Amino acid sequence: MPTVAAPIATQSTLDDLGVPLSEVTFACVDLETTGGAPPESRITEIGAVRYRGGEREGTFQTLVDPGVPIPRFVSHLTGIDDFMVREAPPVEAVLPSLVEFLRGAVFVAHNAGFDFRFLNHDLERLGYDRIPAPPVCTARLARRVLTADDVPNLRLATLAQFFRTSARPTHRALDDAEACAEVLHGLLDLGGRLGILTLTDLREAVRARGRTHLGKVRLADGLPSVPGVYMFRRPPTDAGPGEVLYVGKAKDIRARVRSYFYGDDRRRIDAMLAEAGAVEPHPCGSEIEALVLEARLIRRHAPRYNRRGKAWRRYAYLKLDLAEAWPRLKVVRKVSGRGAYLGPFRSSHAARQAKDALEEAFAIRRCTRSMGRSTRFAPCALADLGRCLAPCDGRVTPERYEGLVRSLQHALSSPGELLAALEGRMARLAQQERFEEAADLRDRLASLTAALARARRERWLLEAEDLEVEVDGRRHRFRRGALVRRGDETGFSWPLPLDAVEEVDAALSCLGSARVTRADPAPAEPVDGGAALAALRRRLSASRR
Ligand code: SF4
């Protein structure tokens, strides 16, 4: 029968991850089995030891009748053979007392996944609750805390030797559990100097991947445990605070910043942490405020390690250049000169696709030659195909061409007819089995509709001088698209500048569920094409699938 050498503890701190490690009860467990994985293999021996605050509370040890023959090579390794387990209780008889022994303790094992899987398989099979994940793995913790200079590998025997444990692993369950417990305490002792002080720290340390920067975890000292934005900086100099390296947001600034130091397998984050010398917190009252502030700080500091903050440099507009004598559509990177704009698009490719869609519907000129009112040259094939009014050879009057340009401008703000026409053309191409052309047009139409839909939402936000909305019970004010935080925000003008896209995106992403409590001026009535736009986007998305 199993021997339980101590009263059952009733600690219930597993949910309290901020608890200091000195107040946590650990149960270090080791299993011997007939093979590598359940259900094919079975448990033959269980050893466990409970510790709290460095004090041993009790041990648990029993052989288990696996109900199947033990392979000879396993017997050779563990010394446990069929003869030894023939009088032992089956696992069904062992689990009740083991469950009591483990109750309220943090599960620890060396290469914990192995023992964790075996035990949970039998617990589940026999109707018990599973041991809650994640287990604490001493091998993973050793990877965080020790270096290759300390130990050549992470085997339990190697770690036991490194920490000079009194119990040495023998491939018997209780010996290995005792060694695991001593190794755990050695690792926690080293980890404490690196900032692993609470159960949260320990969980993070064993879960993390990549190289650790635990030596810098003290940079998180004093950070508030509140939602907001944090900035990693280089160390301060006599000239002032160090360069901003990275800006992020979190629900709990302190916990998020600490988590970086336990290991992050993104190479650029690893490089950033190597340079970091300070962390600056910016507490925020809500998610929307944190999103907007993050976008603003990224725009202001252009941190080297933020990928997202650089994306806007690739954005592009579609411009109907009204300064030209014979206006045409252009893809441009910035707003300048007289014209009607659509965008910003997320790439110049998307802008070109929308341009192609518009040129499909409007016979506007596409050549890039500079043209005065009376410039004349030979037309291209588009003229004969009826796809361009061909001002180049004088076959169209300026008045008729201006009428075309006005129609195009009108379609950008009221796109219902335009979209219906393009969708009809796409359907006709499909009917004629010109599927490739239909698919091309579908993609162009998708780019155009996405930009038009986006423009409607942005304009709605940018046109409000004073907009108050309620999101999740909190009120926020916007002035011309900018969240009012300090009161000096002036907002943005249309078309939206490229470097403001991230901020307005952040605001719009939270405004879907917002209730407008005040708007000055009142939001304009939806203009023509809004419903058509939404429906068409759904159809295009469905046809893509
Ligand atoms: S028809 Fe003339 S104006 Fe039109 S795209 Fe061709 S060259 Fe340019």
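This structure is a prediction, so every number in the text was calculated from the model and none was measured.

Student: I'd love a proper account of the sheet that holds strand 12 (residues 339-345), names of residues and values included.
Tutor: The strand order across the open sheet built from three strands is 11-10-12, with neighbouring strands paired in antiparallel fashion. A single partner strand is all that each edge strand has here, and the edge strands are strand 11 (329-332) and strand 12. Strand after strand, the sheet turns through a mean of 20° between neighbouring axes, direction not considered. As paired strands, strand 10 (residues 316-321) and strand 11 are joined by four bridges and run antiparallel to one another. Bridge pairing links L318 to V331 in strand 11.

Student: Break down the sheet that holds strand 7 (residues 228-233) for me, with residues and values.
Tutor: Taken in spatial order, the three strands make up an open sheet running 8-7-9, and their pairing is antiparallel. The open sheet has two edge strands, strand 8 (244-250) and strand 9 (278-283), and neither has a second partner. Taken over all neighbouring pairs, the strand axes of this sheet differ in orientation by 20° on average, direction set aside. Note that strand 7 and strand 8 share six bridges and pair antiparallel.

Student: Explain the side chain of T158 to me, using residue names and the numbers behind them.
Tutor: Position of T158 relative to the elements: it lies in helix 6 (residues 156-162). In this structure the side chain of T158 is engaged in a polar contact, spanning 2.5 Å, whose partner is the side chain of N153. Excluding anything up to four places from it in sequence, T158 contacts V151, P152 and N153.

Student: Pulling in residues and values, what's your account of empty space enclosed by the protein?
Tutor: Scanning the entire structure with this criterion turns up two cavities of 30 Å³ or more. Roughly 30 Å³ of volume is contained in the second largest cavity. Lining the second largest cavity we find G343, P344, A451, R454, A455, E458 and W494. Mapped onto the lining of the second largest cavity, the elements with two or more residues apiece are strand 12 and helix 16 (435-462). Broken down by element, the lining of the second largest cavity gets its largest block of residues, four residues, from helix 16. Its residues assigned to classes, the lining of the second largest cavity comprises four nonpolar, one polar and two charged. Each of two domains, domain 3 (313-453) and domain 4 (454-544), supplies a minimum of three residues to the lining of the second largest cavity.

Student: Now, about the site of the ligand: what can you tell me, with residues and values included?
Tutor: As a structural note, the neighbourhood of the ligand is formed by R365, R366, C367, F377, P379, C380, A383, C388, A390, P391 and C392. Residue composition of the shell around the ligand, grouped by class: nine nonpolar, no polar and two charged.

Student: Quick rundown of the environment of G36? Include the residues and the values.
Tutor: Position of G36 among the secondary structure elements: in the loop between strand 2 (25-33) and strand 3 (43-52). Accessibility expressed as a relative area gives 54% for G36, which makes it exposed. In this view, G36 contacts S41, F114 and F118; residues no more than four positions away in its chain are not counted.

Student: Provide a residue-level description of the nonpolar core, including the pertinent values.
Tutor: In a soluble, globular protein the nonpolar side chains are often hidden away together inside. Within the largest apolar cluster, 52 residues are counted, with the highest numbers of intra-cluster contacts made by F26, L141, L202, Y230, F232, V257 and M272. The element contributing the most residues to this core is helix 7 (residues 173-193), with eight residues. A domain split of this core shows at least three residues from each of domain 1 (3-202) and domain 2 (212-306). In this structure, M272 is in contact with F232, L245, Y246 and Y305, ignoring residues within four places of it in sequence. Counting 45 residues, the second-largest nonpolar core is a separate cluster that includes L318, I364, L448 and A451.

Student: Which residues make up helix 9 (residues 253-261), and what values go with them?
Tutor: Residues of helix 9 that are buried include every one of I253, V257, R258, S259, Y260 and F261, and no others. Against helix 8 (199-207), strand 7, strand 8, helix 10 (267-275) and strand 9 lie the buried residues of helix 9. Two or three places before R254, at the opening of helix 9, D252 has a side-chain oxygen 3.2 Å from that residue's backbone nitrogen.

Student: Tell me about unusual backbone geometry, residues and numbers included.
Tutor: With glycine set apart, most residues show a phi of negative sign, and most peptide bonds adopt trans. Residue P39 is bonded to the preceding P38 through a cis peptide linkage, with omega at 5°. Residue position: P39 is located in the loop between strand 2 and strand 3. In this structure, R164 takes a positive phi of about 50° despite not being glycine. Within the element layout of this structure, R164 appears in the loop between helix 6 and helix 7. The phi dihedral of R480 falls on the positive side, at around 45°, and the residue is not glycine. Tracing the sequence through the fold places R480 in the loop between strand 14 (474-479) and strand 15 (482-483).

What counts, and at which threshold
- Residues numbered from 1 in each chain as written.
- Predicted model: local features only at pLDDT ≥ 70, side-chain atom pairs only at ≥ 80, totals over all residues.
- Heavy atoms only, no water.
- Pairing = 2+ DSSP bridges.
- Helix = DSSP H or I, 4+ residues; strand = E, 2+ residues; numbered from the N terminus.
- Axes fitted to C-alpha atoms, helices over the stretch in contact; angles between N-to-C directions.
- Polar contact = N/O pair within 3.5 Å; in protein donor to acceptor, adjacent residues only side chain to side chain.
- Contact = heavy atoms within 4.5 Å.
- 1 Å grid on protein atoms, 1.4 Å probe; cavity = no way out; pocket = protein on both sides within 12 Å on 5 of 7 lines; lining within 4 Å.
- Points joined across faces, edges and corners; volume = space filled by probe spheres on them.
- Nonpolar A, V, L, I, M, F, W, Y, C, P; charged D, E, K, R; others polar.
- Domains from an automatic or database assignment.
- Near = heavy atom within 4 Å.
- Buried < 20%, exposed > 50% of the residue type's maximum accessible area, 1.4 Å probe, protein only.
- Core = buried A, V, L, I, M, F, W, Y, C linked by side-chain atoms within 4.5 Å.

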